[in-house]
Amino acid sequence: MTNDGLVPAVNQSFVLRALEKALTLQAPLARAHVARLRRKSPEASPQEILRRLNAEFRTGTVSTGAGVGAAAAVPTVRKGVAISLAGGEFVTFLQASVLYVLARSEVYGMRTPDVERQRFLVTAVLLGESVSSAIPTVAERTGKHWARAIIETIPRELIVRINKILGRNFVTKYGTKQGVIVLGKVVPFGIGALIGGAANGILSHGIIRSSNRAFGPVPTSWGP
């Protein structure tokens, strides 16, 4: 089966639409989610809240990946249905990733004032190390921990231009990667459950590690 005929859900337009929808839905929820965690544990430090966000992200994405892999491997589930399940799970993973990155920015006291900066922050974190080769001038300007500079100092006009580059890189990376993972999740005999959970575990761990580099050391106390 060729990549073109693999999954309609992983083509360019789908990936970009999924990202835009995730930003629209999750951006207003990120602040509320961090506030809810703090209400539950008023004495919790930023480090403790971040540990909970990390645990939620890992657990949620691994369980959904394994669940879809298991469902897709059921003999009575047709291949087309299985592929649709796996493609839908990509949307769920992306939603969780956007919520995690934007919630993490709340923990650091970094409010993303507009959707272009949100898009930059999320796509750059999800692209990980490849962002340095995609936008070397920005990487040089902002230094090792670049998230605050992107949010607070880089002109919006430059952010808009760079987002076009990041968008193309994001489609290439996640469209191709998710296509491979979708195939893995629909293999028979229950192996798909293992592949689904493991793949999401690797991806979520990579996003957490990329976030560590982008945001830098966790604040020791809550800001005003």
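In case you missed it, the structure is sitting above this.
Residues numbered from 1 in each chain as written. Predicted model: local features only at pLDDT ≥ 70, side-chain atom pairs only at ≥ 80, totals over all residues. Heavy atoms only, no water.

Participant: Is there a simple way to think about the packing of aromatic side chains in this case?
Facilitator: We describe a pair of aromatic rings using the distance from one ring centre to the other and the angle between the two ring planes. The full count for this structure, using the stated rule, is four aromatic pairs. When the centroid spacing of 4.8 Å and the interplanar angle of 10 degrees are considered together, the rings of phenylalanine 57 and tyrosine 100 count as stacked. Taken as a pair, phenylalanine 57 in helix H2 (residues 46–72) and tyrosine 100 in helix H3 (residues 79–107) lie far apart in primary sequence, 43 residues in all. What makes tyrosine 100 buried here is its relative accessible area of 3%. With 5.0 Å between their ring centres and 40 degrees between their planes, tyrosine 108 and phenylalanine 215 make a pair best called tilted. One end of the pair, tyrosine 108, is in the loop between H3 and helix H4 (115–127); the other, phenylalanine 215, is in helix H9 (residues 191–215), with 107 residues separating them in the sequence. Grouped by ring-pair contacts, the aromatic residues Phe57, Phe93 and Tyr100 constitute a single cluster. For arginine 38, the ring lying beneath its charged end belongs to tryptophan 222, and the centroid distance is 3.8 Å. (Phe/Tyr/Trp six-rings, centres within 6.5 Å; stacked < 30°, edge-to-face > 60°. Helix = DSSP H or I, 4+ residues; strand = E, 2+ residues; numbered from the N terminus. Buried < 20%, exposed > 50% of the residue type's maximum accessible area, 1.4 Å probe, protein only. Lys NZ or Arg CZ within 6 Å of the ring centre and 35° of its normal.)

Participant: Explain the nonpolar core here, please?
Facilitator: One recurring pattern in soluble globular proteins is that nonpolar side chains are buried together. With 49 residues, the main nonpolar core has Val101, Leu121 and Trp146 as its most contacted residues. Of all the secondary-structure elements, those providing two or more residues to this core are helix H1 (12–40), H2, H3, H4, helix H7 (147–152), helix H8 (156–185) and H9. Other than its neighbours up to four places away in sequence, valine 101 contacts Leu121, Val122, Val125, Leu126, Ile207, Ser211 and Phe215. (Core = buried A, V, L, I, M, F, W, Y, C linked by side-chain atoms within 4.5 Å. Contact = heavy atoms within 4.5 Å.)

Participant: Mind showing me how you'd approach the pattern of salt bridges here?
Facilitator: When the charged atoms of two side chains lie near each other, side chains of opposite charge can form a pair. Tallied over the full model, the rule gives six salt bridges. Among the salt bridges present, the one from glutamate 106 reaches arginine 111, with a minimum N-O distance of 2.6 Å. Note on glutamate 106: relative accessible area 14%, which makes it buried. Residue arginine 111 is classed as partly exposed on the basis of its relative accessible area of 44%. With a shortest N-O distance of 2.8 Å, arginine 119 and glutamate 116 are connected by a salt bridge. Residue arginine 119 and its partner glutamate 116 are both found in helix H4; the two are separated by three residues, about one turn of the helix. Look at glutamate 116 and you get buried, because its relative accessible area is 14%. Residues participating in the shared-partner salt-bridge network are Glu20, Glu116 and Arg119. (Salt bridge = Lys/Arg side-chain N within 4 Å of Asp/Glu carboxyl O.)

So yeah, pure geometry; function would need other evidence.
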